[in-house]
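Observations on the model geometry
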Amino acid sequence: KAISGAARTFTAEYTTEHVAHTCMEPMNCTAQVTGDRIEVWAPSQSPFFIHGALQRVAGFKPENITSHITLLGGGFGRRVEADYILDAAALARAADGWPVKVVWSREDDIRRDKFRPLTAQHLTAATDAQGNIVALRHRVVAESIYARVAPPLFQQAGGRDAPVNEGVEIKYAIPGHLVEYLREQRGIDVGFWRAVGPGYTKFAIETLVDEVARAYGRDPIDYRVAMFGAEPRGRAVMEEVARMSNWKQARPAGRALGVAFSDAWNSYIGMVVEVSVDRTTGRPRVHDVWSAVDCGVALQPLNIETQIESSVMYGLSAALGERITIRGGEVQQSNFHDYPILRMNEAPRVTTKVLTTPNHPGGLGEVGLPPLAPAIANAVASLTGKRLRALPFDPALLKA
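First, a word on scope: everything that follows refers to the structure included in this document. (Residues numbered from 1 in each chain as written. Predicted model: local features only at pLDDT ≥ 70, side-chain atom pairs only at ≥ 80, totals over all residues. Heavy atoms only, no water.)

Helix-helix packing is described using two parameters, namely the angle between the two axes and the distance between the axes. Where helix H8 (residues 220-227) contacts helix H9 (residues 232-244), the two axes come as close as 9 Å, and the packing angle between them is 165°. One finds that H8 runs roughly antiparallel with respect to H9. As for the relative orientation of H8 and H9, their crossing is left-handed in sense. Only Arg235, Met238, Glu239 and Ala242 of H9 make contact with H8, whose side of the interface consists of Ile221, Arg224 and Val225. For the contact of H8 with H9, the class distribution of residues is four nonpolar, no polar and three charged. (Axes fitted to C-alpha atoms, helices over the stretch in contact; angles between N-to-C directions. Helix = DSSP H or I, 4+ residues; strand = E, 2+ residues; numbered from the N terminus. Parallel < 35°, antiparallel > 145°, perpendicular 65-115°, else oblique. Left-handed = near helix turned anticlockwise from the far one by under 90°. Contact = heavy atoms within 4.5 Å. Nonpolar A, V, L, I, M, F, W, Y, C, P; charged D, E, K, R; others polar.)

This is how it looks when you write it as structure tokens:
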């Protein structure tokens, strides 16, 4: 009803490709089976998943399982899985008491990954005569993570997938808000990839909000601040990042600022990036990233800064070109020669300010990733007039 009676509507479609985790340390596990007992040493994010898999798949009794969690060498959601644990368990069982160490090759690590879901999103925003968003319809189409890793949770939720749709919740004061999820089964195992749902849901929301603000001649930060209504934490991080980045100051020729906001995991972040575009290749270059973060009680402020830096680099790598392609059921990429990741000479300066507040502590390990891609896309739109709606970014669009 709100959409049909709106003064104006904005509609856009967004897509994201499969991407791999490419942890620094490939999947590995050491296991020893003695009689009906098993002991494993693994860089895992989830002892719970280890024990569950060894019970359900390998048939060990709970009291006969011992696990030791080592340093991870990179997790990013990949090490929640237990497939590499089961490899070691099966071989150790056949080795009759001898410990067995399994280390996947980089090729196995990339080709047998549990990728971030391939997604399509359809958004419609409706505005009143003053340019305020009065309704937002958000449709997400993707494979399910929970249907594979936690079927009971998927069924209990009536076919809704919480991690796939994470981030669709918004703190903006929009009276009408509808989210729809359609599962598309493609035969590809998908899993938790750093920032999971907000890595693409916030990309869609934040670029569309920016497009609406620009269409009405409104400053993108001021527009968001006005939409927070009675939400002071959102206003605080946006106003602070505006100060940090000198938001309203003119930039050098060929550069522009872009902004985005995220509230995922009960942590609020406002992010501004300074971007240029290589006119020969069409590739965006991020020079600076400023972030203001309110994650509630900040137990380790320096670690918060480090996590934001890490999330920025991880998210920038994916946004600029990471892509898994599948033909005839076979993953085409195998190593860093055909799955390139961010190089040191492409890394931006990252400046983070932690706002110390008494709010309940929120998550932090993924917070810096969701606002990065939309902030870049919004800066690119300011520079070129072209709206990027696909991840990874397609340089050919900007080159043209």
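Next comes the rest of the account.
With that out of the way, let us pick up helix H7 (residues 198-215). Compared with the 26 Å implied by 1.5 Å per residue over 18 residues, the 25 Å span of H7 between its first and last C-alpha is a close match. Of all the 18 residues making up H7, 16 are buried; the element is thus mostly covered by neighbouring parts of the structure. Just past H7, the residue Gly217 takes up positive phi, approximately 70°. (Expected span 1.5 Å × (residues − 1). Buried < 20%, exposed > 50% of the residue type's maximum accessible area, 1.4 Å probe, protein only.)

As a further point, take the pattern of salt bridges. Summed over the entire model, instances satisfying the criterion amount to 24 salt bridges. Between Arg78 and Asp113 there is a salt bridge whose closest N-O contact spans 3.0 Å. Residue Arg78 is found in the loop between strand S4 (65-69) and helix H2 (83-94), and its partner Asp113 is found in the loop between helix H3 (106-111) and strand S6 (119-127); the two are separated by 35 residues along the sequence. For the pair Arg78 and Asp113, one class covers both residues: buried. Glu143 is the salt-bridge partner of Arg183, the closest N and O atoms lying 2.7 Å from each other. Of this pair, Arg183 sits in strand S8 (residues 176-183) while Glu143 sits in the loop between strand S7 (133-142) and helix H4 (146-149); the two residues are 40 residues apart in sequence, bridging distant segments of the chain. The exposure class of Arg183 is partly exposed, given its relative accessible area of 35%. (Salt bridge = Lys/Arg side-chain N within 4 Å of Asp/Glu carboxyl O.)

Pairing within the open sheet is mixed, and its four strands lie in the order S9-S10-S11-S14. The open sheet has two edge strands with one neighbour each: strand S9 (256-262) and strand S14 (349-354). Each strand of the sheet is rotated relative to its neighbour by a mean of 15°, with strand direction disregarded. Sheet analysis places strand S11 (residues 284-294) next to S14, joined by six bridges and oriented parallel. The partner of Val293 across the bridge, within S14, is Val354. Docked against the sheet, helix H10 (residues 301-321) engages strand S10 (268-277), S11 and S14, running at close to 140° with respect to S14. (Pairing = 2+ DSSP bridges.)

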